Amino acid sequence: MIRRDYYLKQLIRKKDNGRVKIITGIRRCGKSYLLFRLYREYLLSEGIKENQIIAIALDEIENIEYRNPFKLNEYIKDKAKNKNKKYYIFIDEIQLSEAVKNPYLENSENNITFVDVLLGLMKVKNLDIYVTGSNSKMLSGDVLTQFRDRGDEIHVNPLSFSEIYDLYEDKTLAFEDYIIYGGMPYIFSLESDEEKSKYLKDLFYETYLKDILERHKIQNEKEIFEVLLDFVSSAIGSLTNSNKLAKRFLSEKRINISSLTISKYLGYFEEAYILYSAKRYDVKGSRYFNTPVKYYFADIGLRNARLNFRQVEETHIMENIIYNDLRRRGYNVDVGVVEHEVNKDGVRKKIQLEVDFVVNRGHRRYYIQSALSVTDNEKREQETASLKKINDSFKKIVVVKDKIVPRHDNTGILYIGLEQFLLEETSPDLEI
């Protein structure tokens with residue numbers, strides 16, 4: 001059994017706090033396992049009885065009637081009749097609940113949704129409510145906004161490298177597998193490369209792509225979605241925008257599609273937690289650039305499967321893995337831009353250097369570069385040039401693929417190996 005202690009501890013801390021706990025994340029990343037297995041076992045170990053846990057999964061066919069918010073409300077109220085007992089309500093895949101017309105107000109334009117159900121249940125003092133969902137627009141935005149200060153989001157990611165590490169007797173195989181197949185939990189029950197490859201490909205098409213097409217009622221543009229995914233998959237960690245992608249559609253596929261449509265479709269992938277975007281941040285000017293941005297996949301195995309495992313280049317994959325791990329730890333992650341002037345042939349001009357990640361949490365900030373290797377002086381200077389142009393006192397880190405003893409150079413930049421960085425939760429704060 002894979003423990004997901006990072007998320008389990010969050011649920012435990014929020015138990016009985018009077019707020020709805022909203023567990024979000026890409027489908028099949030382990031949200032249901034976290035709530036229905038790990039958290040359920042915790043509650044039972046604390047003396048909660050089985051009949052105090054009311055659990056329903058809306059993606060199961062036998063529960064399809066409860067996608068109607070009125071039926072869902074009736075079901076939970078019927079199960080939680082005893083006002084002298086504390087009940088724990090688990091609702092899986094809440095976004096599948098359908099909006100229905102208000103039967104009491106014929107001319108009302110406001111439909112009844114699961115939000116109305118949850119707001120009503122929150123007023124029942126002996127209920128503690130937990131829901132999972134796989135769509136950020138429906139959950140992170142609409143629901144948390146309507147709950148204001150009454151909802152807590154817990155975002156679950158695919159398995160991190162530190163979570164899968166102990167599954168391997170031969171530790172050298174752990175990272176080799178991870179950079180190819182990623183961390184979708186079901187992968188680790190499969191034996192062969194063929195099974196893993198097929199699972200990830202089917203998951204992308206049968207679950208994610210179909211979900212998006214059905215949710216947004218798109219019938220004739222499946223090819224465009226697939227091509228767009230291929231374009232983004234092949235360019236993770238590279239700056240791009242909708243205009244560039246529109247030009248690529250025209251030049252490579254002879255498809256004329258507007259940049260606005262591309263932006264909308266990319267938004268659908270982000271809503272489904274398949275992709276994340278990182279904006280560029282001007283370190284010296286303390287401002288954001290709206291375009292271009294970098295896209296990263298929520299799971300690197302899904303990205304590789306999308307490209308039929310043809311482009312497993314370590315540089316960009318390593319960058320994607322670091323990005324995901326920083327987000328998992330609760331950091332805000334941007335792409336850094338450092339502007340400075342150079343004198344070339346007697347003419348002064350501004351150039352931009354890139355910092356892979358500007359990482360913030362509270363008052364803490366880190367500047368992090370991802371580099372396969374810095375064994376020679378030229379490569380080391382290339383990777384650290386932007387860091388050396390930053391004059392503040394925040395920690396500067398270069399993460400390299402090889403296992404090394406962590407060390408600082410004479411400018412104070414910390415060098416650390418990738419595996420150690422991923423395995424040690426406090427690695428950005430490492431002092432040597």
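Residues numbered from 1 in each chain as written. Predicted model: local features only at pLDDT ≥ 70, side-chain atom pairs only at ≥ 80, totals over all residues. Heavy atoms only, no water.

Our focus in this paragraph is the environment of D409. Tracing the sequence through the fold places D409 in the loop between β13 (407-408) and β14 (414-417). Among the residues examined, D409 registers a relative accessible area of 18% and is labelled buried. Of note is the side chain of D409, whose polar atom sits 2.7 Å from the side chain of T411. (Helix = DSSP H or I, 4+ residues; strand = E, 2+ residues; numbered from the N terminus. Buried < 20%, exposed > 50% of the residue type's maximum accessible area, 1.4 Å probe, protein only. Polar contact = N/O pair within 3.5 Å; in protein donor to acceptor, adjacent residues only side chain to side chain.)

In this section: the sheet that holds strand β7 (residues 275-282). Sheet architecture is open: nine strands sit in the order β6-β8-β7-β9-β10-β11-β12-β14-β13, paired in mixed fashion. Looking at which strands have only one partner, the edges of the open sheet turn out to be β6 (239-240) and β13. Note that strand β11 (residues 364-371) and strand β12 (residues 395-400) share six bridges and pair parallel. Looking at β12, one finds that Q369 is bridged to V398. (Pairing = 2+ DSSP bridges.)

This part covers the packing of aromatic side chains. The description of two aromatic rings rests on the distance between their centres and on the angle between their planes. With the rule as written, the count across this model stands at 24 aromatic pairs. Ring geometry for Y66 against Y75: centres 4.7 Å apart, planes inclined by 50°, an arrangement best described as tilted. When its relative accessible area of 16% is taken as the criterion, Y66 is described as buried. Here the aromatic rings of Y296 and F357 are separated by 6.1 Å at their centres, their planes lie at 50°, and the arrangement is tilted. Of the two residues, Y296 is situated in strand β8 (residues 287-297) and F357 in strand β10 (residues 347-361); the sequence distance between them amounts to 61 residues. Residue class for Y296 comes out buried when judged on its relative accessible area of 0%. Under the relative-accessibility criterion, F357 is labelled buried at 0%. Site record: aromatic cluster; members linked through ring pairs are F36, Y39, Y42, F90 and Y130. Seen from the ring of F204, R306 lies directly overhead, with NZ or CZ sitting 5.6 Å from the centre. It is R327 that lies over the ring of Y276; its NZ or CZ is 3.8 Å from the centre. (Phe/Tyr/Trp six-rings, centres within 6.5 Å; stacked < 30°, edge-to-face > 60°. Lys NZ or Arg CZ within 6 Å of the ring centre and 35° of its normal.)

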